[in-house]
Amino acid sequence: MYIRVHPRDNVAIIVHPDGAAPGAQSPNGIVAIERIPQSHKIALRNFAPHDPILRYGQVIGHANRAIPAGSWIREDLIDMPAAPPLDQLELSTSVPEPLPPLTGHTFEGYRNLDGSVGTRNILGLATTVQCVAPTVEYAARRIKAELLPRFPNVDDVVAVTHSYGCGVAINAPGAAIPIATLRHISLHANMAGQPLVVSLGCEKMQPAVLFSNDFPVLETSNVIRFQDQRGFSEIVAAIMEAAEKRLAILDGRRRQTCPASDLIVGLQCGGSDAFSGVTCNPAVGAAADLLVRAGATVMFSEVTEVRDAIHLLTPRAETPDVARALIREMQWYDDYLAGGRADRSANTTPGNKRGGLANIVEKALGSVAKAGNTAIRAVASHGEKVTAKGLVFAATPASDFICGTQQLASMNIHVFTTGEGTPYGLSLVPVIKVSSRTALAEKWHDLIDLDAGRIATGHATVEEVGMDLFRMMLDVASGRKKTWAEHWGLANALAPFNPGPVT
Ligand code: CA
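Treat the numbers as computed from the prediction; the structure is a model and nothing was measured.

### Brief notes about unusual backbone geometry
Logical step 1: Even without being glycine, S92 reaches a positive phi, approximately 55°.
Logical step 2: Within the secondary structure, S92 is located in the loop between strand 6 (78-79) and strand 7 (106-111).
Logical step 3: Residue S92 is classed as buried on the basis of its relative accessible area, which comes to 16%.
Logical step 4: Here the phi dihedral of E302 falls at roughly 65°; this positive angle occurs in a residue that is not glycine.
Logical step 5: Of note, E302 is situated in the loop between strand 15 (297-300) and helix 7 (310-313).
Logical step 6: Judged by relative accessible area, which is 0%, E302 ranks as buried.

### A word on the nonpolar core
Logical step 1: Counting residues in hydrophobic clusters, the biggest one holds 77 residues, and the most contacted among them are F393, L469 and M473.
Logical step 2: Residues from two domains meet in this core; each of domain 1 (1-81) and domain 3 (262-488) gives at least three.
Logical step 3: In contact with L469, not counting residues within four places along its chain, are V284, A287, V415, I432, V434 and L450.

### Quick look at the domain arrangement of the protein
Logical step 1: According to the domain assignment, the protein consists of domain 1 (1-81), domain 2 (115-250) and domain 3 (262-488).
Logical step 2: Computed from C-alpha coordinates alone, the two centres of domain 1 and domain 2 are separated by 53 Å.

### Some remarks on the coordination of the calcium ion
Logical step 1: Protein coordination of the calcium ion is provided by Q268 (OE1), C269 (O), E302 (OE), A398 (O) and D400 (OD), with donor distances spanning 2.3 to 2.6 Å.
Logical step 2: Donor residues for the calcium ion, ordered by position in the chain, follow Q-C-x32-E-x95-A-x1-D. With a gap of 33 residues between them, C269 in strand 14 (residues 264-269) and E302 in the loop between strand 15 and helix 7 connect regions that are remote in the sequence. With respect to class, C269 is no different from E302; both count as buried.

### Focus on the packing of aromatic side chains
Logical step 1: Taken as a whole and assessed by the stated rule, the structure comprises ten aromatic pairs.
Logical step 2: Judged by centre distance (4.4 Å) and plane angle (25°), the rings of F416 and Y424 are stacked.
Logical step 3: Assessed through its relative accessible area of 0%, F416 is described here as buried.
Logical step 4: Of the residues examined, Y424 reaches a relative accessible area of 3% and is grouped as buried.
Logical step 5: Here a set of aromatic residues connected by ring pairs shows up, and it is made of W332, Y333, Y336 and F497.

### Remarks on the packing of helix 2 (residues 176-186) against helix 11 (residues 400-408)
Logical step 1: Contact geometry of helix 2 with helix 11 gives a least axis separation of 8 Å together with a crossing angle of 60°. What the angle tells us is that helix 2 and helix 11 run oblique. Residues I177, T181 and I185 of helix 2 pack against T405, Q406 and L408 of helix 11.
Logical step 2: Partitioning the contact of helix 2 with helix 11 into residue classes produces three nonpolar, three polar and no charged.

### Describing helix 13 (residues 462-477)
Because an α-helix packs 3.6 residues into every turn, residues spaced three or four apart end up facing the same way.
Logical step 1: Here helix 13 spans 22 Å end to end across 16 residues, near enough to the 22 Å set by a 1.5 Å rise per residue.
Logical step 2: Among the residues making up helix 13, those that are buried are V465, G466, L469, F470, M472, M473, L474, V476 and A477.
Logical step 3: At the exit of helix 13 stands G479, carrying a positive phi of roughly 80°.

### Some words on the environment of T135
Logical step 1: Tracing the sequence through the fold places T135 in helix 1 (residues 133-146).
Logical step 2: T135 gets classed as buried once you look at its relative accessible area, which sits at 14%.
Logical step 3: In sequence terms T135 and V236 are 101 residues apart; their C-alpha atoms lie 7.5 Å from each other.
Logical step 4: Excluding its chain neighbours within four sequence positions, the residues that come into contact with T135 are F226, F232, I235 and V236.

Rules used in this analysis
- Residues numbered from 1 in each chain as written.
- Predicted model: local features only at pLDDT ≥ 70, side-chain atom pairs only at ≥ 80, totals over all residues.
- Heavy atoms only, no water.
- Helix = DSSP H or I, 4+ residues; strand = E, 2+ residues; numbered from the N terminus.
- Buried < 20%, exposed > 50% of the residue type's maximum accessible area, 1.4 Å probe, protein only.
- Core = buried A, V, L, I, M, F, W, Y, C linked by side-chain atoms within 4.5 Å.
- Domains from an automatic or database assignment.
- Contact = heavy atoms within 4.5 Å.
- Donors = N, O, S within 2.8 Å, 3.2 Å for Na, K, Ca; no water.
- Phe/Tyr/Trp six-rings, centres within 6.5 Å; stacked < 30°, edge-to-face > 60°.
- Axes fitted to C-alpha atoms, helices over the stretch in contact; angles between N-to-C directions.
- Parallel < 35°, antiparallel > 145°, perpendicular 65-115°, else oblique.
- Nonpolar A, V, L, I, M, F, W, Y, C, P; charged D, E, K, R; others polar.
- Expected span 1.5 Å × (residues − 1).

This is the structure:
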């Protein structure tokens, strides 16, 4: 009838798709005294006003009135606690012991000159500014239709377009974040680290600004500057001519066997529900532990979904310096939200609440389950490329398309968990979508790649789904399997995080 996550919990989640009817009795004698929808919380005992409400063994809020056992614990019955103070956290006090190495797992990838490994072989058309986006997308459509069929080893042609590049305070401190993000994406392993570069001419983010210290890129890549060309047809012809030469090089590449340690996996959730924290997110956590054991990089992100669980994470930091870096990123985001006169409670959506998540505390406690159980090895700031192996916290907003864009700067495969459902995808890396409930996996049979709802119904364990996901990642990375988002060509627009001023 229900799932209780932790022995201390005094609430539990209703499992049955039809919810619990009034009078329904659980094996241990708790009787529902009203109708409670699926994935919402039932009171396992009587609560007096101000009593703590515990889920995941943690306080997710306090009762703001008397609540009898068997009640539906709705969002409006719970007062949200304050966020954990950042100056009282334990630093590296309970660092998990390393798990035994996992050897022998490989995938077939494209090894690049810089040592990075691609999971796809894509011709990328990097852009410096939004002004050129429609023209570059026009050229990309023509390249796909007229040139790509002659180069069967190339997977796709992608116009790397975005909303940044001009009309911004390009030297303001906040501008460094979108510029760095777009630099790393432009040099992505899945584009062999060598894009064509398309520029307008008069924009603030000139090619030399976009690539900063990486000027060799501009020497080896073909930079096409629109304002040097005679007209639209000549611009498109210049892009297509450069693309044809580049396609010939990319077509000569072959996949080769790479150790699983070459995977760089970005983890994210979107449209979460109360099941996310007991099914898909722990299963992703189990897969994360396997990846770490195999020597790979696993990124978890989404500051506002980590903030309320930070007291569980700083003790797991490998060193006090790593713990302090986690706190630094939390403080940066607290200040950022305060500057916009918002706080962490702005995170939860109507869908989260419909799915049974009362507040950001409950959402965060479920969200961090994606990070598994290993030591946190390193922390990357917004826009910084992740280079460490092991479990890494990469600071990003929680917004799906912004987090995905930020993680794209580093990752070569993406895992996305969802409860309410979203058809999310990216053009440059495969996105594996994992559902929290079987009902969603059945309803969206041609969008969800893996069903973790089997855990709630007792048909699979967290470890089994984690292993299924690990194997699926190796198959998808190798190109042996395509994700549903790839199958349908679903790619959300890039949305770099820009905390800097627009002019
Ligand atoms: Ca998200």
